Number of protein chains: 2
Amino acid sequence: MNAKVRISDVAKEAGVSVTTVSQILNGKGQRFSEQTRNRVYAVRDQLGYVPDFNARNLITRSAKTIGVLVPNIGNPFFSTFIRGIEKQAMKSQFIPVIFGAENDPDVERYYIEELIKRTVDGLIIASPTVGQEEMDHLLDKNHIPYLLIDQNPLNAGDRIETDDKTGACLAMRHLLELGHRKIALVFPKEPSDNIMRRYQGYCDILAEYQIEPQEDLLITTELTKKGGYLAAAELVKTDATAVFAANDELAIGLYRGLKERGKKIPEDYSIVGYDNIDLSQYVDPPLTTVEQPVYEMGKIAFQKLVERIKEPQKEADEILLPVKLITRQSTRELK
Amino acid sequence: MNAKVRISDVAKEAGVSVTTVSQILNGKGQRFSEQTRNRVYAVRDQLGYVPDFNARNLITRSAKTIGVLVPNIGNPFFSTFIRGIEKQAMKSQFIPVIFGAENDPDVERYYIEELIKRTVDGLIIASPTVGQEEMDHLLDKNHIPYLLIDQNPLNAGDRIETDDKTGACLAMRHLLELGHRKIALVFPKEPSDNIMRRYQGYCDILAEYQIEPQEDLLITTELTKKGGYLAAAELVKTDATAVFAANDELAIGLYRGLKERGKKIPEDYSIVGYDNIDLSQYVDPPLTTVEQPVYEMGKIAFQKLVERIKEPQKEADEILLPVKLITRQSTRELK
DNA sequence: TTGAAAGCGCTAACAG
DNA sequence: CTGTTAGCGCTTTCAA
């Protein structure tokens, strides 16, 4: 059909030079007369001119794009995070390009390289399976700013995290106040920094209550529903009366595993999750959990990164987002 | 740090012309001597040369990118679909750029335009909230091939769908064989084509069993957990003994709504879902549902689109993917 | 106030 | 077999 409208078409139609059009359309046209400016805008609209991205990027060396890497798009926690990012992105000139890295360093590396090739302006990485030294190498070398989520960066960039330690403390205090003393912790074998902070909180509160930590109450598994399901087998061997699960997915798997073993929640086990994913209020019984402002986190992460891209020398920000305990029916007083 | 290596650097270092390097590196170098070829490859590796995408795209008018629009990344059905896409994408030269349109036509339009600006090569659209005429206008005008999922396209492009009608028949037969005669259907107010096919299946089977359809057994609601939850209120007013839910999300919401009303599954209501999302085996009781090969569907969709991009004149394909019934514990014989 | 001219880094006719 | 030449569509000096 109609071939693409180029800047020269606009220039010709408006009776001005290509330079003039370019300057005006890029907001650098203060020096041109109001008349010329309006004329150019009018012609632009009339012809439906849209600047060619590739041509522009070739010069500006930017694609107005931010890459986002998450371990797993299917996890509601990350999908909410992504929704936050997308929401914020619409207010900016940048678009987010999202990938699920499937916890595979090779996949992650592949995407990072692919994104670098495409001259992304920045990266939000919520799935650092690739070693941090390598990441630094890949990214710093290319002067690409990035933001790490759930993992503390080596570099001195912006930092954005939720208050995991407090979150764990809230969960633990809740269980302790209900009278539980044998509290199992179910968490991943290779915890990321944020999970480690939850583990810290677990330990701190036990210490505060002068409870000796029990080796067998520390159950490690995969951070998925399946992982939780499998952990149930371990759990029932212990004398635990309550469980703090590192996230809700895990807790939901645990539900299934325990039910299949004829255990009742909360009669036999009080369970606290973490994340407050959408689903947690639909399971039976609705899950007591710690809510993180993930959606906010996505928005802020994107915004911070855009700011950093625009102003690379800006002082690094450090943001700590609050958490809160949502009490539902999966926990009850120990009789 | 080190400025970017350009093709001219490679050419100089290898003692050949820029053309030679370009041709060889783009696999069009059969005509050059083996010696030259190897030399160029060697220098490329040595210098770590990576072609500039923007410069290349400017000429080829392609960004080796395929846009993917889904209604909602959080829905496990779509996240699995996306995983299939990503899997397949890694085998191609294309990267998928994924967006959740939040069922908002404006958002969808925004992304489509943003993608066109960036010269995407093709689009997979699983969330056609924007009217099809408009879509055709936007995309056909720009000669961008696209694939519609869950919705039949107006144009004569490739078509890929799952056998929804058979799926619905499987679900219904299962319930009827268990003795149910009062079967409610819970589905969205504005059904997409694939949901309509399920509705057809529902009707057909009722007809086959010579059961008069009951108005009040057709419950419409939003296609979400929340929607299912709300539908429970309608459901309990009817004399239904079984429910066919248009998807698993809906069924899970229904679970919660029914439980809050003191109803038991499957004792009071037998429930069949659709999709077999990951979660459906974790809920209590595990959900009987119809499985669609979503992951496969993602892979095939991506592959087909890439084929079409490479060969625009190719004859349109039509692919029908099979479904199957997964029987779990949410259905039982009517006593 | 404006525009001519010089590229950005690459690919691809076309000529040797 | 190889290189010269001419752009892709845009931004950005710099001169008028």
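This report concerns the structure included in the present document. (Residues numbered from 1 in each chain as written. Chains lettered and ligands numbered in written order. Predicted model: local features only at pLDDT ≥ 70, side-chain atom pairs only at ≥ 80, totals over all residues. Heavy atoms only, no water.)

With that out of the way, let us pick up unusual backbone geometry. With an omega of 5 degrees, the peptide bond between Ile 265 of chain A and Pro 266 of chain A qualifies as cis. Within the secondary structure layout, Pro 266 of chain A lies in the loop between helix H11 (248-260) and strand S9 (270-275). Backbone geometry places Glu 102 of chain A, a non-glycine residue, at a positive phi of 55 degrees. Relative to the elements of secondary structure, Glu 102 of chain A occurs in the loop between strand S2 (95-100) and helix H6 (105-117). Assessed through its relative accessible area of 39%, Glu 102 of chain A is described here as partly exposed. Not every positive phi belongs to a glycine, and Lys 64 of chain B is a case in point at roughly 50 degrees. Look at Lys 64 of chain B and you get partly exposed, because its relative accessible area is 33%. (Helix = DSSP H or I, 4+ residues; strand = E, 2+ residues; numbered from the N terminus. Buried < 20%, exposed > 50% of the residue type's maximum accessible area, 1.4 Å probe, protein only.)

Side chains of nonpolar character tend, in soluble globular proteins, to be buried together. Ranked by size, the top nonpolar core spans 144 residues in total, and within it Phe 81, Ile 124, Phe 244 and Ile 271 of chain A together with Phe 81, Ile 124 and Ile 271 of chain B carry the most contacts. Aside from chain neighbours lying at most four places away, what touches Ile 124 of chain A is Ile 66, Gly 67, Val 68, Leu 69, Phe 81, Ile 85, Leu 147, Ile 149, Ala 301, Phe 302 and Leu 305 of chain A. Counting 38 residues, the second largest nonpolar core, distinct from the first, contains Val 107, Tyr 110 and Leu 115 of chain A together with Ile 116 of chain B. (Core = buried A, V, L, I, M, F, W, Y, C linked by side-chain atoms within 4.5 Å. Contact = heavy atoms within 4.5 Å.)

When chain B is fitted onto chain A, the two copies agree to an RMSD of 0.2 Å after a turn of 180 degrees and an axial shift of 0.0 Å. Here the copies are linked by what is in effect a two-fold axis. Of the residues that chain B buries at the interface, 100% are likewise interface residues in chain A, meaning the two copies contact each other through the same surface. (Least-squares fit on C-alpha atoms with pLDDT ≥ 70 in both.)

What follows concerns the packing of aromatic side chains. All chains considered together, the criterion is met by 12 aromatic pairs over all chains. Ring centres 5.4 Å apart and planes at 65 degrees place the aromatic pair Tyr 110 of chain A and Tyr 111 of chain A in the edge-to-face group. Judged by relative accessible area, which is 1%, Tyr 111 of chain A ranks as buried. When the ring of Phe 77 of chain B is compared with that of Phe 78 of chain B, the centres are 5.1 Å apart and the planes differ by 85 degrees; the resulting orientation is edge-to-face. As far as burial versus exposure is concerned, Phe 77 of chain B and Phe 78 of chain B are alike and both buried. (Phe/Tyr/Trp six-rings, centres within 6.5 Å; stacked < 30°, edge-to-face > 60°.)

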